[in-house]
Amino acid sequence: MKIVLTTLNAKFIHSSLALRYLRSYVKKAFPNVELVEYTINDVTLNIVADLYKRQPDVVAFSCYIWNIRETLDVVRNLKKVLPDVPVVLGGPEVTYDADYWLKQHPQIDVVVVGEGEQTLLELLAAYREARETGQPPRLDEVDGIAYRDKERVRFTRPRAQIENLDTIPSPYEDHLEELDNRVVYFEASRGCPFKCQYCLSSIEDGVRYFSLERVKADLLRLINHGVKTIKFVDRTFNINKKYAMEIFQFLIDNHKGTVFQFEITADILRQDVLEFLTENAPPGIFRFEIGVQSTNDETNRLVQRIQRFDRLAQTVTRIKQSGKIAQHLDLIAGLPQEDYTSFRKTFNDVFALRPEELQLGFLKMLRGTGVRARAAQHGYIYMDEPPYEVLGNNVLSFADIQKIKRVEDVLEKYWNAHRMDHTLEWLFQHAFETPFDFFQSFGDYWEEQGWSRIGHQLEDLFTRLHSFLAEKQVPHLEHALSLMKFDYLLTHKHRPRKLWWDDLLDKQELKQAYLAVQEQRDRLPAHFAQHAASEKEYYKHTLTTRVSFDLEAWIRRGEWAEGEYWLVVYFPYQEGEPNSFVVVEQDLSKVR
């Protein structure tokens, strides 16, 4: 009997951990099992044709909010060309409302409810028996499913959780070539101790762990294969201090350049763990994703979220100061009793920590969650179809949400992309009351100009910001322009051929800047000084522009000195070596 396990990933670089668990669990009894991954951007008919070509006896789909629409489109058409092939759906999007999915979509034969490994194995055994006997499959004897019985939907007994997770064969013992050039998702535990009412993890009780020996063996296998990025999907990786510490140490000792991402609860990260990480973590190897969601105490109480923001802030600050671990902090707009003013405060509270990345998301009213069950209490309106995004509630209007979306758009383009950090920091300090106000004002302007409907190049991000600042009549615009030039040049690996600003230097000014740099060669980085020794090499490796203050003194020493200066940026053209720069005071009298 041939089984096809499949899903539609959001992107090609993603990989499905769920399917690999299922394959590893059933392949001993059903060796003819294929795993095939598509994306939500693939053409529906192409997916149907590929599945048809494989001629499965059973096909099972893994379903999430990001792929359920496309999956159902595939299922509807697949059933037309393979009407007798059972179609099984599983995953978090269908497991908490199986009755709805079976009633609304007659092409679905079975929905797996909850943990799927043992359930799928028994379900496949029932189908195999039916093929051998010519009788209908005895689905009523398979725990943990909902299925169609003529016009009725029937549920079997709930499936008990697998207590010993090590009984699940490793999903990473073979087929590692499938993971080339992909992000790998990894699980050291299942479950979450917290009960946040917007999260599906709140439904499951307790936390279960794979043994450390099993986890280390799988990680080492992936590392040795050359996997570039491993994302742990554990909901609170650091809840078990001893367990987490041993994995951290193992990865520090064995990483070989692989990058590991963890979901961390920062306010419970112990002091000794924090000290260990800041002292021993290799730079760039660990990434922490930290869910803050809101700093409004009443909001957190209503969603049963336990959080000490003061402790979280201390942890994030310590980690950032170490310079070794990048941090991705999450916010959710639309939570109960968090109006626009409160969310502005939440944003500024968290942005003050200057995380490397700040993701601004919007509440999803997921099936099975408490916040969806009690939606009427807070006047929620939300999308009927996935991703069930909130459209408003009793304190946050649809208009407010659209305003916050404009903040998100500019935040992603400018802060999270880190294209002009120096410029933004200066604007936060000198031109806008708070960072949120900058992002909101710029986001509104971006929308008014119609830029959200057209694409952009790197240069456009700078010219559009300059246009916005000029429109707002930001004081000392010349300083902002100087910093924008600086940030623009630092983003290039090679000397740009075309510049977006107009005040270009003439030959006399370029010569004066060169002579000024010559006088300061002793304080230049080695490669810069070497190329500065030859005028021809100097011009090949540098770009000079006017600036209105001494950026070097401000960036490196915090000293402010306005005046007429030249910024000279050096491009080493060597892999791994960053651009460097020097600022020299204008003095045309030195030109000979």
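Coordinates for the structure precede this section.
The present account deals with the structure reproduced in this document. Predicted model only: the values in this text are computed from it and were never measured.

Here we look at the overall build of the chain
Then comes step 1: Looking only at helices and strands, the chain has 22 helices and 20 strands in total.
Then comes step 2: Judged by the C-alpha coordinates and their principal axes, the chain covers about 100 × 55 × 50 Å.
Then comes step 3: Evaluated residue by residue, the chain yields a buried proportion of 53% over its 592 residues.
Then comes step 4: For the chain, the exposed area adds up to about 27,000 Å²; of that, 48% sits on carbon and sulfur atoms.
Then comes step 5: When the 75 basic and 88 acidic side-chain charges of the chain are each reduced to a single mean position, those positions are 3 Å apart.

Focus: the sheet that holds strand β11 (residues 229-232)
Then comes step 1: The sheet built from six strands is open, its strands ordered β8-β11-β12-β13-β14-β15 with parallel pairing. Edge positions in the sheet fall to β8 (183-186) and β15 (357-362), since each of these pairs with one other strand and no more. Adjacent strand axes in the sheet meet at a mean angle of 20° when their direction is disregarded.
Then comes step 2: Examined bridge by bridge, strand β13 (residues 286-293) and strand β14 (residues 326-333) share six bridges and lie parallel to one another. Bridging from a neighbouring strand, Gln-293 pairs with Leu-331 of β14.
Then comes step 3: Against the sheet, helix α14 (residues 398-416) contacts β14 and β15, and its axis sits at roughly 155° relative to β15.

Some points on the sheet that holds strand β19 (residues 562-570)
Each strand in a sheet pairs with another by means of backbone hydrogen bonds, the pair being arranged parallel or else antiparallel.
Then comes step 1: Taking strand neighbours across the sheet as the criterion, the three strands line up as β18-β19-β20 in an open arrangement whose pairing is antiparallel. The open sheet has two edge strands with one neighbour each: β18 (542-549) and β20 (580-585). On average, each strand axis in the sheet is inclined to that of its neighbour by 25°, with strand direction left out of account.
Then comes step 2: Of the pairings in the sheet, the one linking β18 to β19 comprises seven bridges and is antiparallel in character. Bridge assignment links Thr-545 to a residue of β19, and that residue is Leu-567.
Then comes step 3: Contacts between helix α18 (residues 477-490) and the sheet are confined to β18, β19 and β20, with β18 contributing the most and set at about 155° to the helix.

With respect to the packing of aromatic side chains
Any aromatic ring pair is given by two values, namely how distant the centres are and how the planes are angled relative to each other.
Then comes step 1: Under the definition given, this model contains 50 aromatic pairs.
Then comes step 2: With a centroid separation of 4.9 Å and 80° between ring planes, the pair formed by Tyr-100 and Trp-101 is classed as edge-to-face.
Then comes step 3: Where Phe-432 meets Phe-438, the ring centres are 5.3 Å apart and the plane angle is 70°; that geometry is what we call edge-to-face. In this pair, the class of Phe-432 matches that of Phe-438, namely buried.

A closer look at the pattern of salt bridges
Then comes step 1: Following the criterion strictly, the structure yields 50 salt bridges and no others.
Then comes step 2: Linking Arg-182 and Glu-37 is a salt bridge whose minimum nitrogen-to-oxygen distance equals 3.3 Å. You can see Arg-182 sitting in the loop between β7 (152-155) and β8 and its partner Glu-37 sitting in strand β2 (residues 33-39), a full 145 residues away along the chain. Just as Arg-182 is buried, Glu-37 falls in that class too.
Then comes step 3: Note that Arg-557 is salt-bridged to Glu-559, the shortest N-O span being 3.4 Å.
Then comes step 4: For Arg-557, a relative accessible area of 52% corresponds to the exposed category.
Then comes step 5: A relative accessible area of 41% means that Glu-559 is categorised as partly exposed.

Some details on the side chain of Thr-71
Then comes step 1: Within the secondary structure, Thr-71 sits in helix α3 (residues 68-81).
Then comes step 2: Using a relative accessible area of 0% as the deciding quantity, one classes Thr-71 as buried.
Then comes step 3: A polar atom in the side chain of Thr-71 sits 2.7 Å from the backbone oxygen of Asn-67.

Examining the side chain of Glu-93
Then comes step 1: In this fold, Glu-93 is placed in helix α4 (residues 92-95).
Then comes step 2: On the basis of relative accessible area, Glu-93 is assigned to the buried category, the value being 3%.
Then comes step 3: For Glu-93, the residues in contact, after removing those within four places along its chain, are Cys-63, Tyr-64, Ile-65, Ile-68, Trp-101, Arg-367, Pro-386 and Tyr-388.

Some points on the nonpolar core
Then comes step 1: Among the nonpolar cores identified, the biggest contains 173 residues, and Phe-232, Phe-248 and Phe-286 are the most heavily contacted of them.
Then comes step 2: Beyond its immediate chain neighbours, meaning those up to four positions away, Phe-232 contacts Phe-186, Ala-188, Leu-219, Phe-237, Ile-247, Leu-251, Phe-260, Gln-261, Phe-262 and Glu-263.
Then comes step 3: By size, the runner-up hydrophobic cluster in this structure holds 16 residues, among which are Ala-516, Leu-524, Val-582 and Val-584.

Side note on unusual backbone geometry
Then comes step 1: In this structure, the amide linkage connecting Pro-386 to the following residue, Pro-387, adopts the cis form with an omega of 15°.
Then comes step 2: Summarising the element assignment, Pro-387 is placed in the loop between β16 (381-382) and β17 (390-392).
Then comes step 3: In this structure, His-175 takes a positive phi of about 60° despite not being glycine.
Then comes step 4: Tracing the backbone shows His-175 in the loop between β7 and β8.
Then comes step 5: By relative accessible area, which is 32% here, His-175 ends up partly exposed.
Then comes step 6: A positive phi angle is found at Gln-473, which is not glycine, with a value near 55°.
Then comes step 7: One can find Gln-473 in the loop between α17 (458-471) and α18.
Then comes step 8: Owing to a relative accessible area of 67%, Gln-473 belongs among the exposed residues under this scheme.

Examining helix α16 (residues 435-448)
Then comes step 1: Over its 14 residues, α16 runs 20 Å from end to end, which matches the ideal 20 Å to within 8%, given 1.5 Å per residue.
Then comes step 2: Most of α16 sits out of view: ten of its 14 residues are buried.
Then comes step 3: Listed in full, the buried residues belonging to α16 are Pro-435, Phe-436, Phe-438, Phe-439, Gln-440, Ser-441, Phe-442, Gly-443, Tyr-445 and Trp-446.
Then comes step 4: Buried residues belonging to α16 abut α12 (340-351), α14, α15 (421-430) and α17.
Then comes step 5: Looking one or two residues past α16, Gly-450 carries a phi angle of roughly 80°, positive in sign.

Some points on α12
Then comes step 1: Over its twelve residues, α12 extends 16 Å from the first C-alpha to the last, a length consistent with the 16 Å expected when each residue adds 1.5 Å.
Then comes step 2: Along α12, the residues that are buried comprise Tyr-340, Ser-342, Phe-343, Thr-346, Phe-347, Asn-348, Val-350 and Phe-351.
Then comes step 3: With a side-chain oxygen lying 3.3 Å from the backbone nitrogen of Thr-341, the N-terminal cap of α12 falls on Asp-339.

Structural notes on the environment of Asp-444
Then comes step 1: Inspection of the secondary structure assignment puts Asp-444 in helix α16.
Then comes step 2: Distance from Asp-444 to Phe-248, taken between C-alpha atoms, is 43 Å for residues 196 residues apart in sequence.
Then comes step 3: Side-chain polar atoms of Asp-444 contact the side chain of Arg-406, separated by 2.7 Å.

Thresholds, definitions, all that
Residues numbered from 1 in each chain as written. Predicted model: local features only at pLDDT ≥ 70, side-chain atom pairs only at ≥ 80, totals over all residues. Heavy atoms only, no water. Helix = DSSP H or I, 4+ residues; strand = E, 2+ residues; numbered from the N terminus. Buried < 20%, exposed > 50% of the residue type's maximum accessible area, 1.4 Å probe, protein only. Areas by Shrake-Rupley, 256 points an atom, 1.4 Å probe, with all protein chains shown as cover. Lys, Arg positive; Asp, Glu negative; His and termini not counted. Charge placed at Lys NZ, Arg CZ, Asp CG, Glu CD. Pairing = 2+ DSSP bridges. Axes fitted to C-alpha atoms, helices over the stretch in contact; angles between N-to-C directions. Contact = heavy atoms within 4.5 Å. Phe/Tyr/Trp six-rings, centres within 6.5 Å; stacked < 30°, edge-to-face > 60°. Salt bridge = Lys/Arg side-chain N within 4 Å of Asp/Glu carboxyl O. Polar contact = N/O pair within 3.5 Å; in protein donor to acceptor, adjacent residues only side chain to side chain. Core = buried A, V, L, I, M, F, W, Y, C linked by side-chain atoms within 4.5 Å. Expected span 1.5 Å × (residues − 1).

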